[in-house]
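Listed below are the residues making up each chain.
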Amino acid sequence: MKRTPDAPLVEAPALWWLVLMVLLAGLNLRPLLTTLGTNLELIRVDLGLSSTLVGALAAIPTLCMGMVSLAGGWVIARLGVGAGMRLALLLIAVGCALRWAGDWLPMMALATALAGLGIACGQVLIPVVIKRYFPSRAALMMGGYTTAMNLGAALGAVAAPLAISALGSWQASLAIWALPALLVALLWPGRLRVFTDDGPMGVPWRSALGWRMALFLGTGSLAYMTLLAWLVPFYMALGLTQEQGGAMLVAYTAAQIAGALLVPPVAQLQPDRRPALALTLALLSLGLAGLCWAPTWGGACWVVLAGFGLGGSFPLALTLPLDYAHTPTEAGRLSAMVLGFGMLMGSCGPLLFGVLRDGFGFSAALIFLLLATVASFLLGLTFRPPNRDRSGTGPLTADIKEISP
């Protein structure tokens, strides 16, 4: 039977199952980063590495995210969102499991790269799912998805020191995150599909808007990825213990959760994203300035401000391609370009931060992040709302069989 444009989306139980799957997948896309960041100083000392070298290790997942995201059209066309997400989650599980042998640096690098590839595929495919099944609630769903990612990041930061005490090594505390990723891979609906016959699948290289979005996400990602990797070592250098530094990382990720929960629903009320982007990036800039010039005076205040700003701005940055795209495939192509180049820029953050720390200290490294955030603030002011209905070309239909596991 031929579907009509005004056909309903999917029946509520199947749609809610898909919401749950998106949230559970999001939970598994950040523990790799925060568990590595929480243990980064232990890894540096245990393996006898410089800050530059551990910064390069911390940059591997983000580098993989950027490279794979640029091939997002190929991932969507060849794998689909069902099999593709299952493969992504399995790669995360295998990468985390291999970190048990993390006392050998090449194995640690390989494990981090495999998990980073899985995270990259997930970040390409989930926006396509949101555009396909939740076209009129894209900002709200993206907020829920990024909230789940931030919650996973917080759980990783909380669990890392506890796991070391319980399991006896930082390698084991990194490896246990293979279990939840494997569970969600088995639950993800493998028959889920998105039609790809509405245009070419390649990256839109000639899109000036796409390049501007990529630069915007990239300048913001420099701060996001760097703080995940270096916040605990920064506080340990100030004299705090690993547990106290981990508590700061938990406060940072908890503030991100608050920002991701509160900002997108407000931004959903109007088509212009610029006021919300300006506010969140101003808060991030204030937090970074405090960490740079008064880290002990402000306590956790600076961390909370930076986390809230990033938590609110990140889902909005991911929503911008969905705002301007007309179809799920177009959203996937634009998201792939934005995520690809944005994450490639973000991957430079942990490495450059380590280089600046080795050469000039933490203050110079934090000033570098602050300047990147100011650039992101200025870019955010250029995104005028698109002159059309934000839900795209109209309701998109789906078959309930696509969503059932």
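Everything numeric in this text was worked out from a predicted model, so none of it was measured.

Once that is clear, we can look at the nonpolar core. If you look at the biggest cluster of nonpolar residues, it comprises 107 residues, and the most contacted ones within it are Ile-130, Tyr-145, Leu-227, Tyr-252 and Leu-291. No other element matches helix H10 (residues 208–237), which puts 14 residues into this core. Contacts of Leu-227, omitting those with residues within four sequence positions, involve Leu-249, Tyr-252, Leu-288, Leu-291, Ala-306, Leu-310 and Leu-369.

An ideal rise of 1.5 Å per residue puts 44 Å on 30 residues; H10 measures up with 42 Å between its terminal C-alpha atoms. Along H10, the sharpest change in direction is near 50° and occurs at Trp-230; proline Pro-233 comes one to four residues later. The element H10 is largely enclosed, with a buried count of 23 among its 30 residues. One or two steps after H10, the chain reaches Gly-239, where phi turns positive at roughly 110°.

This model, assessed by the stated rule, comprises 4 salt bridges. As a salt-bridge pair, Arg-274 and Asp-272 come within 2.8 Å of each other at their nearest N and O atoms. As far as the burial class goes, Arg-274 and Asp-272 line up, both buried. Across the salt bridge formed by Arg-273 and Asp-323, the nearest N and O atoms sit 2.7 Å from each other. Pair noted here: Arg-273 is in the loop between helix H11 (242–267) and helix H12 (274–293) and Asp-323 is in helix H13 (residues 301–324), with a separation of 50 residues, a long-range link. Residues Arg-273 and Asp-323 agree in their burial class; the two are buried.

Turning next to the packing of helix H2 (residues 31–38) against H10. Two elements in contact, H2 and H10, have axes separated by 7 Å at closest approach and are oriented at 30°. In terms of their interaxial angle, H2 and H10 are classed as roughly parallel. Between H2 and H10 the crossing geometry is right-handed. Where H2 approaches H10, its residues Leu-33, Thr-34, Gly-37 and Thr-38 are matched on the opposing element by Met-225, Leu-228, Ala-229, Val-232 and Pro-233. Residue classes in the contact of H2 with H10 are distributed as 6 nonpolar, 3 polar and no charged.

This structure, assessed with the given rule, holds 8 aromatic pairs. Ring plane angle 35° and centroid distance 6.0 Å describe the contact between Trp-297 and Trp-302, whose orientation is recorded as tilted. A relative accessible area of 70% places Trp-297 in the exposed class. Every member of this aromatic cluster is reached through a ring pair, and the members are Trp-230, Phe-234, Tyr-235, Phe-353 and Phe-362. The ring of Tyr-133 carries the charged tip of Arg-132 above its face, separated from the ring centre by 5.4 Å.

Predicted confidence across the protein gives a mean pLDDT of 83, with 87% of residues reaching 70 or more. The secondary structure element of the protein with the lowest average pLDDT is helix H16 (residues 400–403), at 44, and the one with the highest is helix H9 (residues 178–187), at 95.

Burial runs high along H2: 8 of the 8 residues are buried. Along H2, the residues classified as buried are Pro-31, Leu-32, Leu-33, Thr-34, Thr-35, Leu-36, Gly-37 and Thr-38.

As a further point, take the packing of helix H7 (residues 138–167) against H11. The description of two helices packed together rests on the angle between their axes and the distance between the axes. Two elements in contact, H7 and H11, have axes separated by 8 Å at closest approach and are oriented at 170°. One finds that H7 runs roughly antiparallel with respect to H11. Looking at the contact of H7 with H11 residue by residue, the classes come out as 16 nonpolar, 8 polar and 1 charged.

The rules behind the values
Residues numbered from 1 in each chain as written. Predicted model: local features only at pLDDT ≥ 70, side-chain atom pairs only at ≥ 80, totals over all residues. Heavy atoms only, no water. Core = buried A, V, L, I, M, F, W, Y, C linked by side-chain atoms within 4.5 Å. Buried < 20%, exposed > 50% of the residue type's maximum accessible area, 1.4 Å probe, protein only. Helix = DSSP H or I, 4+ residues; strand = E, 2+ residues; numbered from the N terminus. Contact = heavy atoms within 4.5 Å. Expected span 1.5 Å × (residues − 1). Bend = angle between axes of the 7 residues up to and from the residue. Salt bridge = Lys/Arg side-chain N within 4 Å of Asp/Glu carboxyl O. Axes fitted to C-alpha atoms, helices over the stretch in contact; angles between N-to-C directions. Parallel < 35°, antiparallel > 145°, perpendicular 65-115°, else oblique. Left-handed = near helix turned anticlockwise from the far one by under 90°. Nonpolar A, V, L, I, M, F, W, Y, C, P; charged D, E, K, R; others polar. Phe/Tyr/Trp six-rings, centres within 6.5 Å; stacked < 30°, edge-to-face > 60°. Lys NZ or Arg CZ within 6 Å of the ring centre and 35° of its normal. pLDDT = per-residue confidence, 0-100.

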